[in-house]
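Structure assessment
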Amino acid sequence: MATTGSRVALHILNAINFVISLAIAAASLWFFCQVYEFTRLRNSNHYLLDYTVYWPQAIPWIFFFVALFVIGVTACGFAGTRKKSRGLLKVYIVMLSIVILCLIAAAVIALVLADNKSTDDFVKDTVWDVYFQAKIDNEVAESFGVIERKLHCCGADSPRDYKNWKSEFPMSCCDVYYHGWLEPYTIDCEFTNKLANERHGCSTVAAQYARIAIKVLSAASIFTAFIGIISVMVAVMLSRALEKRNRAPVQNESESKKVLL
């Protein structure tokens, strides 16, 4: 009965770990794509000889590979539990212990090295670089406009960045169209536009989103590690229960004599 309960509990815990790990992997890829949407527009000549670790670019891959590690170990746990194999369960316990350390390490690295001013500086430098590229490259300007619409931001540091070289705000800084029963129509986007002036600069908005993503990934990693610790304890209990069940019953002295005779 205890063996059955431990098996069911371990299956549930492995399923939770598997789902959360898939979510972490997907969120990591999404985070990287959002960062890449900015970095692909910057002037690559400015970064050719720069070997500094850019944490907003590195952090998604750290969590992605840790999540894949968790998924692989979880598969081992499913197999060991289903087959009632003590060998697979021992491998699962050892590997899961390593995974727990990796999950905690990834969260610590992200919170200590990435959730700070270094991320803000990286985002700000990248946005400003893209903003200057937009002045001379129409394709970059269009792509930056897409980012402004998506993040509801305007300019690099503030909407007033456009005042020195444009006659009015770009349409991406304003609600270009209203959708409803009426046909969509263009809205005036002069420098007096209240909505555009109230928007934050894209460097501020993007940095805030990056910080939030780092915190969410770290929290999910720590929660997964917590579930992993419980899984290790249940797996140890199941392994011991299987060992007791598989152990041959010890014969008493009289039965042993009968066997010898």
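Scroll up for the structure.
Structure report, in brief. Model, not experiment: these values are computed from the prediction.

Our next topic: a nonpolar patch on the surface. Taken together, the side chains of Ile104, Val108, Leu111, Val112, Leu113 and Ile222 make up a nonpolar region of the molecular surface, amounting to roughly 470 Å² of accessible area. By secondary structure assignment, the location of Leu111 is in helix α3 (residues 86–114). Owing to a relative accessible area of 35%, Leu111 belongs among the partly exposed residues under this scheme.

Another point: the state of the cysteines. A disulfide bridge is the covalent bond that connects two cysteines by way of their sulfur atoms. Under the definition given, this model contains three disulfides. Paired through a disulfide, Cys153 and Cys202 show a sulfur-sulfur distance of 2.0 Å. In this structure the cystine formed by Cys153 and Cys202 twists about its S-S bond by roughly 80 degrees; its chirality is therefore right-handed. On the criterion of sequence distance, the pair formed by Cys153 in the loop between α5 (138–151) and α6 (194–198) and Cys202 in helix α7 (residues 202–246) is long-range, its members being 49 residues apart. For the pair Cys153 and Cys202, one class covers both residues: buried. Two residues share a disulfide in this structure: Cys154 and Cys173, whose sulfurs sit 1.9 Å from each other.

Now for the packing of aromatic side chains. Scanning the model with the defined rule gives 14 aromatic pairs in all. On the numbers, 5.6 Å between centres and 70 degrees between planes, the contact of Phe64 with Phe65 is edge-to-face. Through successive ring pairs, a cluster of aromatic residues spans Trp128, Tyr131, Phe132, Phe144, Tyr162 and Trp165.

Among the secondary structure elements, Ile222 is positioned in helix α7. On the basis of relative accessibility, which here comes to 43%, the residue Ile222 falls in the partly exposed class. For the pair formed by Ile222 and Leu101, sequence separation is 121 residues and the distance between their alpha carbons is 10.0 Å.

With 29 residues, helix α2 (residues 55–83) extends 42 Å between its outermost C-alpha atoms, agreeing within 8% with the 42 Å of an ideal straight helix rising 1.5 Å per residue. Note on α2: the residue one or two positions beyond its end, Lys84, has a positive phi of about 55 degrees.

One pass over the full model with this rule turns up eight salt bridges. Here Lys150 makes a salt bridge to Glu37, at a shortest N to O gap of 2.5 Å. Taken together, the residues Lys150 in helix α5 and Glu37 in helix α1 (residues 2–39) connect sequence positions 113 residues apart. Arg211 serves as the salt-bridge partner of Asp120, at 2.9 Å between the closest nitrogen and oxygen. Pair noted here: Asp120 is in helix α4 (residues 117–136) and Arg211 is in helix α7, with a separation of 91 residues, a long-range link. Salt bridges here are not isolated pairs; linked through shared partners, they connect Asp115, Asp120, Arg211 and Lys215.

This brings us to the packing of α4 against α5. Following both chains from N to C, one finds α4 and α5 inclined at 130 degrees, their axes separated by 6 Å at the closest point. Our classification of the angle between α4 and α5 gives oblique. Judged by the sense of rotation from one axis to the other, the crossing of α4 with α5 is left-handed. Two secondary-structure elements touch here, α4 through Val127, Val130, Tyr131, Gln133, Ala134 and Ile136 and α5 through Asn138, Val140, Ala141 and Phe144. Of the residues belonging to the contact of α4 with α5, the class tally is eight nonpolar, two polar and no charged.

This part covers the nonpolar core. Within soluble globular proteins, side chains that are nonpolar generally end up buried alongside one another. Within the largest apolar cluster, 64 residues are counted, with the highest numbers of intra-cluster contacts made by Phe144, Tyr162 and Phe169. Among the elements of the structure, α1, α2, α3, α4, α5 and α7 are those that each provide at least two residues to this core. With 15 residues, the top contributor of residues to this core is α7.

Let us look at the packing of α2 against α3. With their axes 9 Å apart at the nearest point, α2 and α3 run at an angle of 160 degrees to one another. Taken together, the axes of α2 and α3 lie roughly antiparallel to each other. When you trace α2 past α3, the crossing you get is left-handed. Looking at the contact of α2 with α3 residue by residue, the classes come out as 26 nonpolar, three polar and one charged.

Moving on, we come to α5. Between its terminal C-alpha atoms α5 stretches 20 Å, which fits the 20 Å expected from 14 residues at 1.5 Å a residue. Three or more residues of α5 are buried, namely Val140, Ser143, Phe144, Gly145, Ile147, Glu148 and Leu151. One side-chain oxygen of the residue at the start of α5 lies 2.9 Å from the amide nitrogen of Glu139, identifying that residue as Asp137.

Basis of the calculations
- Residues numbered from 1 in each chain as written.
- Predicted model: local features only at pLDDT ≥ 70, side-chain atom pairs only at ≥ 80, totals over all residues.
- Heavy atoms only, no water.
- Patch = residues over 30% accessible without salt bridge, like charges linked within 9 Å, V, L, I, M, F, W, Y side chains within 5 Å.
- Areas by Shrake-Rupley, 256 points an atom, 1.4 Å probe, with all protein chains shown as cover.
- Salt bridge = Lys/Arg side-chain N within 4 Å of Asp/Glu carboxyl O.
- Helix = DSSP H or I, 4+ residues; strand = E, 2+ residues; numbered from the N terminus.
- Buried < 20%, exposed > 50% of the residue type's maximum accessible area, 1.4 Å probe, protein only.
- Disulfide = S-S within 2.5 Å.
- Phe/Tyr/Trp six-rings, centres within 6.5 Å; stacked < 30°, edge-to-face > 60°.
- Expected span 1.5 Å × (residues − 1).
- Axes fitted to C-alpha atoms, helices over the stretch in contact; angles between N-to-C directions.
- Parallel < 35°, antiparallel > 145°, perpendicular 65-115°, else oblique.
- Left-handed = near helix turned anticlockwise from the far one by under 90°.
- Contact = heavy atoms within 4.5 Å.
- Nonpolar A, V, L, I, M, F, W, Y, C, P; charged D, E, K, R; others polar.
- Core = buried A, V, L, I, M, F, W, Y, C linked by side-chain atoms within 4.5 Å.
- Polar contact = N/O pair within 3.5 Å; in protein donor to acceptor, adjacent residues only side chain to side chain.

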